[in-house]
Amino acid sequence: MTLTHHTKGATGANAMRRLVLAAGMSLLVRPASATPQTLDAAIRAFTGGAQLGAGKVVLDVAPLVDNGNVVPLSVRVDSPMSADNHVTDIAVFNERNPQSDVARFRLGPRAGKAEVSTRIRLATSQKLTAIARFSDGSFQAQTVDVIVTLAACIEGEA
């Protein structure tokens, strides 16, 4: 991309400033170019294809969300968080957003408890999956369905 036409008539610092602003503006208006993955592919990439257990992960998110722009969620994992038995990572994945990998949290035994919370955007009603990786290399997960009445982060819709 050539930006010389944006700097016509400007000299020195003004030319550079206009060039930087023009380049920045062109980046701001471009749609996201992420390559969407399926939920299963994103989970396989995180777990390396390992078997997922159930029962130790609690994904707490409202089952009915009025506005997909701000969706609070928390993940708790039953773990002693000791030096030899702790959660090393918690990841949250979604089914229908442009990017399936929503959030990743790295933990250690000094965290005290395996609990994280955040807010995310949801494009539409979909499944969310929280996965915990343990220090022994095992994985535990929980999947929940969330219904969104006002969608967020839709790309290419007119």
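Further up the page is the structure itself.
Now for a description of the structure that goes with this document.

**Structural notes on the nonpolar core**
One recurring pattern in soluble globular proteins is that nonpolar side chains are buried together.
Line of reasoning, step 1. In terms of nonpolar packing, the biggest core is built from 24 residues, with Val75, Val77, Val87 and Leu128 touching the most fellow members.
Line of reasoning, step 2. Of all the elements in the fold, those that place two or more residues in this core are strand E2 (57–61), strand E4 (71–77), strand E5 (87–94), strand E7 (114–120), strand E8 (126–134) and strand E9 (139–148).
Line of reasoning, step 3. In contact with Val75, not counting residues within four places along its chain, are Val57, Val58, Leu59, Ile90, Val92, Ala114, Glu115, Val116 and Ala130.
Line of reasoning, step 4. Of all hydrophobic cores here, the second largest spans nine residues; its members include Phe46, Phe93, Ile131 and Phe139.

**As for the packing of aromatic side chains**
Line of reasoning, step 1. Counted by the stated rule, this structure contains two aromatic pairs.
Line of reasoning, step 2. Plain terms: the ring middles of Phe46 and Phe139 are 5.9 Å apart, the flat faces sit at 70° to each other, and that makes the pair edge-to-face. Highlighted residues: Phe46 in helix H2 (residues 39–47) and Phe139 in strand E9, separated in sequence by 93 residues.
Line of reasoning, step 3. Pairwise contacts between aromatic rings join Phe46, Phe93 and Phe139 into one cluster.

Scoring rules and cut-offs
Residues numbered from 1 in each chain as written. Predicted model: local features only at pLDDT ≥ 70, side-chain atom pairs only at ≥ 80, totals over all residues. Heavy atoms only, no water. Core = buried A, V, L, I, M, F, W, Y, C linked by side-chain atoms within 4.5 Å. Buried < 20%, exposed > 50% of the residue type's maximum accessible area, 1.4 Å probe, protein only. Helix = DSSP H or I, 4+ residues; strand = E, 2+ residues; numbered from the N terminus. Contact = heavy atoms within 4.5 Å. Phe/Tyr/Trp six-rings, centres within 6.5 Å; stacked < 30°, edge-to-face > 60°.

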